[in-house]
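So the chains spell out like this:
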Amino acid sequence: MGPHIAVEVLQRQDVVQTMVASGHVQSPHRTDVSAQVTGRVVAIPVVEGQWVRQGQTLIELDSSEAQANHQQAQANVGQALVNVRQLHELRLPVAEQTWLQAQANLKVAEQSLARSQALFDQGFVGASARDDAQRGLDVAQAQWHIAAHQRQSLLPGGSDLAATQSALQVAQAAQASAAARLRYARIAAPVDGVLIARNVEPGDGVQPGKVLMVLSPKADMQLVLQIDEKNLHLLRLNQAAVASADAYPDQKFDAALAYINPRVDPLRGSVEVKLAVPKPPAYLQQDMTVSVDIEVARRPQSLWLPLTAVQTAGSAGAEVWVVRDQQLHRQRVTLGLRHQGRVEVLSGLDAGERLATQPAP
């Protein structure tokens with residue numbers, strides 16, 4: 001009786017080759033939240049993992065000094081407005097009247113000088129009377145010039161009006177700055193999202209630019225994986241995948257390969273890939289660990305044989321033992337994909353042939 005030989009009948013079958021990897025959930029975008037001013041945290045009315053709306057308060061800083069500065073700035077604006085009002089309602093009318101009075105006095109002085117000159121020419125008065133009239137005219141002219149300059153300075157384009165308006169603008173700018181610093185004491189959510197990180201507690205001092213919280217805005221989730229670089233040739237964009245979170249292993253969801261990093265990480269010998277999740281399940285959260293099966297190849301109705309049946313023959317290629325007429329025959333074959341302990345037969349065998357999977361020596 002001859003040795004026992006394990007035999008398998010070669011049949012065609014549909015085979016899907018998958019690549020298994022693990023990774024984590026990531027939102028494509030993250031928003032860092034930081035302070036605009038130096039301050040001390042007095043309240044944090046939100047908790048990590050909470051969904052927040054745009055404009056909702058995340059952090060409150062001590063605002064006592066900012067409030068005092070804002071009140072002082074408001075008072076300065078009020079005083080500057082009073083000065084502008086006084087200029088239009090009091091100083092300008094007074095200047096107008098003073099100018100008109102000076103103009104009238106100038107006219108009287110001119111007439112007085114004309115009369116004195118006429119009387120002097122006729123010999124009715126002496127030179128001293130005429131000189132007194134001339135000095136009166138000089139004084140009236142000087143007073144008119146002063147009144148005219150004062151009036152002009154209060155009119156549009158005048159220096160006093162410009163200075164008063166400039167003082168108002170400076171006060172208003174200081175008020176805007178104080179109001180901004182007061183607003184900065186309340187740090188609000190810049191967008192809708194989930195609070196995924198919190199690096200601050202009440203009582204902490206904060207500095208501008210330091211990241212205090214991280215928001216994950218509402219967006220499509222992605223799965224981020226690290227794939228061994230030796231499997232890079234199997235990856236193609238849009239390959240289908242099935243994933244599950246480690247916390248919910250029985251609840252599968254679909255994904256698709258959306259990005260392959262063109263750079264290989266030299267330290268880990270891996271390539272980062274990202275998969276899009278068109279319909280993420282409700283339980284899926286930021287940074288969850290996930291397991292993913294990526295479909296890298298599909299072979300409909302192809303021939304597959306166990307790897308244990310393959311005999312290597314160096315440069316001559318692969319060979320297998322085929323049972324024909326109750327005898328073993330060597331048969332050279334061309335092989336393709338390998339998957340779960342089996343290998344695809346591209347040529348050299350047909351369906352129905354009997355294959356010795358572990359022939360005796």
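Data block above holds the structure.
Everything quoted here is computed from the prediction, not taken from an experiment.

A. Expanded view of the overall build of the protein chain. Check the secondary structure of the protein chain and you find 3 helices and 20 strands. Since a compact globule built from 361 residues should have a radius of gyration of about 21 Å, the 47 Å found for the protein chain marks it as more spread out than a globular shape. In terms of its C-alpha atoms, the protein chain occupies a principal-axis envelope of roughly 175 × 45 × 35 Å. Counting over 361 residues, the protein chain shows a buried share of 35%. The contacts of the protein chain with a sequence gap of at least 6 include a subset with a gap of at least 24, amounting to 73%. For the protein chain, the exposed surface amounts to about 21,300 Å²; the carbon and sulfur share of it is 50%. Counting 32 positive and 34 negative side-chain charges, the protein chain places the averaged centre of each group 3 Å from the other.

B. Spotlight on the sheet that holds strand β9 (residues 205-206). One open sheet accounts for 4 strands, arranged β7-β6-β4-β9; its pairing is antiparallel. The open sheet is flanked by β7 (186-188) and β9, the only strands paired with a single partner. Two strands pair when backbone bridges link them, and strand β4 (residues 39-43) and strand β6 (residues 57-61) are joined in this way by 2 bridges, in the antiparallel orientation. Following the sheet pairing, Val41 is matched in β6 by Leu61.

C. Structural view of the pairing of strand β13 (residues 253-265). The sheet contact formed by strand β12 (residues 240-245) and β13 spans 4 bridges and is antiparallel. Its bridge partner lying in β13, Ala243 is registered against Phe253. Sheet topology note: the β13/strand β14 (residues 270-276) ladder contains 6 bridges and is antiparallel. Looking at the pairing, Ile260 lines up with Val273 of β14.

D. Summary view of the pairing of strand β10 (residues 211-217). The buried fraction of β10 is high, at 6 of 7 residues. Relative to β10, strand β3 (residues 31-34) is paired through 4 bridges, and the arrangement is antiparallel. In the strand pairing of β10, Val33 is matched with Met213. Relative to β10, strand β8 (residues 193-198) runs antiparallel, the two sharing 5 bridges. Looking across to β10, one finds that Arg198 is bridged to Met213.

E. Up close: the packing of helix α1 (residues 64-122) against helix α2 (residues 127-154). Taken N-terminus to C-terminus, the directions of α1 and α2 make an angle of 160 degrees; their axes are 7 Å apart at the nearest point. Judged by the angle between their axes, α1 and α2 are roughly antiparallel. The hand of the α1/α2 crossing is left-handed. When its residues are assigned to classes, the contact of α1 with α2 shows 18 nonpolar, 11 polar and 5 charged.

F. Highlighting the sheet that holds β3. On the basis of which strands lie adjacent, the open sheet formed by 4 strands has the order β3-β10-β8-β5 and antiparallel pairing. Of all the strands in the sheet, the pair left with one neighbour each is β3 and β5 (51-52).

G. Spatial organisation of the pattern of salt bridges. For the structure shown, the criterion picks out 11 salt bridges. One salt bridge in this structure joins Arg85 and Glu89, with 3.0 Å as the shortest N-O distance. One end of the pair, Arg85, and the other, Glu89, are both in helix α1, 4 residues apart, so they sit about a helical turn from each other. When its relative accessible area of 52% is taken as the criterion, Glu89 is described as exposed. Notably, a salt bridge pairs Arg135 with Asp132, separated by 2.1 Å at the nearest N-O pair. With Arg135 and Asp132 both in helix α2 and 3 residues apart, this pair spans about one turn of that helix. Arg135 sits in the partly exposed class, given a relative accessible area of 48%. By relative accessible area, which is 45% here, Asp132 ends up partly exposed.

H. Main features of the packing of aromatic side chains. Under the counting rule described, the total for this entry stands at 1 aromatic pair. Taking NZ or CZ as reference, Arg151 lies 4.3 Å from the ring centre of Trp99, over its face. In this structure, Lys274 is placed above the aromatic ring of Tyr259, and the distance from its NZ or CZ to the ring centre is 5.6 Å.

I. Geometry of the nonpolar core. The biggest cluster of nonpolar side chains holds 26 residues, and the ones touching the most others in it are Leu223, Leu225, Val273, Leu275 and Val292. Looking at this core, the elements with two or more residues in it are β2 (12-26), β11 (222-228), β12, β13, β14 and β15 (289-306). Residue contributions to this core peak at 4 residues, all from β15. For Leu223, the residues in contact, after removing those within four places along its chain, are His24, Val25, Ala243, Phe253, Ala255, Val273, Lys274, Leu275, Val277, Val290 and Val292.

The rules we used
- Residues numbered from 1 in each chain as written.
- Predicted model: local features only at pLDDT ≥ 70, side-chain atom pairs only at ≥ 80, totals over all residues.
- Heavy atoms only, no water.
- Helix = DSSP H or I, 4+ residues; strand = E, 2+ residues; numbered from the N terminus.
- Rg over C-alpha atoms; globule rule 2.2 N^0.38 Å.
- Buried < 20%, exposed > 50% of the residue type's maximum accessible area, 1.4 Å probe, protein only.
- Contact = heavy atoms within 4.5 Å.
- Areas by Shrake-Rupley, 256 points an atom, 1.4 Å probe, with all protein chains shown as cover.
- Lys, Arg positive; Asp, Glu negative; His and termini not counted.
- Charge placed at Lys NZ, Arg CZ, Asp CG, Glu CD.
- Pairing = 2+ DSSP bridges.
- Axes fitted to C-alpha atoms, helices over the stretch in contact; angles between N-to-C directions.
- Parallel < 35°, antiparallel > 145°, perpendicular 65-115°, else oblique.
- Left-handed = near helix turned anticlockwise from the far one by under 90°.
- Nonpolar A, V, L, I, M, F, W, Y, C, P; charged D, E, K, R; others polar.
- Salt bridge = Lys/Arg side-chain N within 4 Å of Asp/Glu carboxyl O.
- Phe/Tyr/Trp six-rings, centres within 6.5 Å; stacked < 30°, edge-to-face > 60°.
- Lys NZ or Arg CZ within 6 Å of the ring centre and 35° of its normal.
- Core = buried A, V, L, I, M, F, W, Y, C linked by side-chain atoms within 4.5 Å.

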